[in-house]
Amino acid sequence: MPTLDERHAAAQTALNAAGQSHVLAHYDALTEAQRTALLAEVEGIDWPEVTRLIETHVKQKPVFAIPEGLEPAPWYPHTPPDRDKPRYAQARTHGETLIAEGKVAAFTVAGGQGTRLGWDGPKGTFPATPIRGLPLFACFAEYLQKAEEKYGAPVPWYVMTSPINDAPTRAFFEEHHHFGLDPANVMIFPQAMMPAIDMATHRVLLKSPHALALSPNGHGGSLKALWTSGAIADMKKRGVEQISYSQVDNPIVRMLDPLFIGLHALDHAQMSSKMLPKAFPKEKLGNFCLVKGKMTVIEYSNLPDALAEQRTDDGELRFRAGSIALHAIRTDFVETLNTGADGFSLPFNRAEKKVAHWDHAAQQTVTPDTPNAVKLETFVFDALPMTDASIIYETDRVDEFGPIKNADVPGTVETDSPASSKQLQTERAARWLESRGVTVPRTADGVVDATLEIKQTTAIYPEDLAEIDLPNAVAAGSELLL
Ligand code: UTP
């Protein structure tokens, strides 16, 4: 074990080489506990990488060039043509078998800061459902309980946090007794962090005299954290072969979709994705494309209008496969990425943000009004071009896309907000009930005139409703919880 002085010397050398010696300039004035905490943060950062990124992403804005020969990626449609129906049936059965054999793990990335929502706590603790106000983590736990009952096997659940929200996330799981799940099957681990860098001085910012201004390194960090945390080793021990990846913000996500997992597995894909057809050309979803045959996501902001608006002969958008951040990933793909001879890194993305920081001269925290810093993040979909095989499956918007990203705005239904998600959850419940012959009241413009919530322990597919007694009709303006 190196002594504190030895660690200090090593950290100082690394920081000097990176041109960031200011980080330890006031080290002597710190208490021992503060010194230890600051050194641990410094040791957790790859300083040569930060130095390189300052040159490429802070001193200049990286210029995005549309790759040559960009084409729309093909996908498996939601409703298969007749000739593919046997393939879909085979895939669904295969996916169900993999889940029943314990070979599929659920994985939730929950390390983000959720700044747009502005909720005081990890986003997974946000009340998301229309009647019970069930927190997002509890929605997922209910889904897994139903899946365990349906497929007859426990599903291991991995949750990625960040050092910022790890402790409150763990406390929430403890406080709620893991929402009825076996704690032995729930693994929580944090992702790595990156320092925020001052746009004017190119120096990393401090949050206090003894702490860096750090933020999580993007959901792409999950592919490293799965490895460094020991999650992949744990999966191998359990015989898990596939990871079903989803985000923390979507209460109705199918955390395990046998059809999608089956299509992905039968095609020997390493990392696959679900897509939604974009509702309009510039909808804020990444675009699934092929570049020299490799699956690639081009962000909506990088797809030129001319391409975004291109139409096929039948009038559909040519680039219409939008990414909704749902993936199936082979565990051995994650292992290969992390054990390759040349290491592995995903491209970093630059975001200009307002970052509060410690001003040592003024002895106070400065809270800027305009963006003052660059944050650097990687995106998980940037691993897609590293695959040899990758498939896309089209899902249904109402069935599984009700994300909560933005805060509610009184008097309106903001896109991707708690209000829009609750509306969508009610609409989904209405469709499922209607598919079982229940009359649901709707206004003249088709909006459901009631508040409906179907617990995921009751149903994760409409056909699950066959097992319970349903009313013949829902009363207008009423609330119905099933
Ligand atoms: P978002 O892109 O919505 O970012 O994350 P965010 O940080 O949660 O929210 P804003 O932008 O500050 O409002 C999409 C998903 O990726 C996870 C989030 O928790 C969410 O499930 N994520 C994001 C991470 O796990 N780590 C990160 O570093 C970033």
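Everything here concerns the structure above.
Read on for an overview of the structure. (Residues numbered from 1 in each chain as written. Predicted model: local features only at pLDDT ≥ 70, side-chain atom pairs only at ≥ 80, totals over all residues. Heavy atoms only, no water.)

1. Description of the overall build of the protein
Along its length, the protein carries 13 helices and 21 strands. Here the protein has a C-alpha radius of gyration of 24 Å; the compact-globule value for 482 residues is 23 Å, and the two agree. Across its three principal axes, the protein shows a C-alpha extent of roughly 75 × 50 × 50 Å. The burial tally for the protein puts 52% of its 482 residues in the buried class. Of the contacts made within the protein by residues no fewer than 6 positions apart, 75% connect residues no fewer than 24 positions apart. Carbon together with sulfur atoms contributes 51% to the accessible area of the protein, which is approximately 21,600 Å² in total. (Helix = DSSP H or I, 4+ residues; strand = E, 2+ residues; numbered from the N terminus. Rg over C-alpha atoms; globule rule 2.2 N^0.38 Å. Buried < 20%, exposed > 50% of the residue type's maximum accessible area, 1.4 Å probe, protein only. Contact = heavy atoms within 4.5 Å. Areas by Shrake-Rupley, 256 points an atom, 1.4 Å probe, with all protein chains shown as cover.)

2. Quick notes on the side chain of His8
Tracing the backbone shows His8 in helix H1 (residues 4–17). Dropping the residues within four chain positions of it, His8 is found in contact with Leu24, Tyr27 and Leu39.

3. Looking at the site of the ligand
Near the ligand you find 17 residues, and of these Val109, Gly111, Thr115, Gln191 and Gly218 are the closest. Between an oxygen atom of the ligand and a main-chain N or O atom of Val109, the distance comes to 2.7 Å. A distance of 2.6 Å is found between a nitrogen atom of the ligand and a side-chain nitrogen or oxygen belonging to Gln191. Protein contacts shield 88% of the accessible area of the ligand, which totals 570 Å² for the unbound molecule. Among the residues forming the shell around the ligand, the class breakdown is 5 nonpolar, 10 polar and 2 charged. (Near = heavy atom within 4 Å. Polar contact = N/O pair within 3.5 Å; in protein donor to acceptor, adjacent residues only side chain to side chain. Nonpolar A, V, L, I, M, F, W, Y, C, P; charged D, E, K, R; others polar.)

4. Observations regarding the packing of aromatic side chains
For the structure shown, the criterion picks out 11 aromatic pairs. On the numbers, 5.8 Å between centres and 75° between planes, the contact of Phe107 with Tyr245 is edge-to-face. With a gap of 138 residues between them, Phe107 in strand E2 (residues 104–109) and Tyr245 in strand E10 (residues 242–247) connect regions that are remote in the sequence. Look at Phe107 and you get buried, because its relative accessible area is 0%. For Tyr245, a relative accessible area of 1% translates into the label buried. On the basis of an interplanar angle of 25° and a centroid distance of 6.4 Å, the ring pair of Phe260 and Tyr393 is categorised as stacked. Of the two residues, Phe260 sits in helix H9 (residues 258–266) while Tyr393 sits in strand E19 (residues 392–394), which places them 133 residues apart along the sequence. There is no split in this pair, since Phe260 and Tyr393 are both buried. (Phe/Tyr/Trp six-rings, centres within 6.5 Å; stacked < 30°, edge-to-face > 60°.)

5. Some points on the packing of H1 against helix H2 (residues 32–43)
One can describe the packing of H1 onto H2 by two numbers: an axis separation of 10 Å at closest approach and a directional angle of 45°. Considered as vectors, H1 and H2 are oriented oblique to each other. For the pair H1 and H2, the crossing hand works out as left-handed. Residues Leu4, Arg7, His8, Ala11 and Leu15 of H1 touch H2, and the partners they reach there are Glu32, Arg35, Thr36, Leu39, Ala40, Val42 and Glu43. (Axes fitted to C-alpha atoms, helices over the stretch in contact; angles between N-to-C directions. Parallel < 35°, antiparallel > 145°, perpendicular 65-115°, else oblique. Left-handed = near helix turned anticlockwise from the far one by under 90°.)

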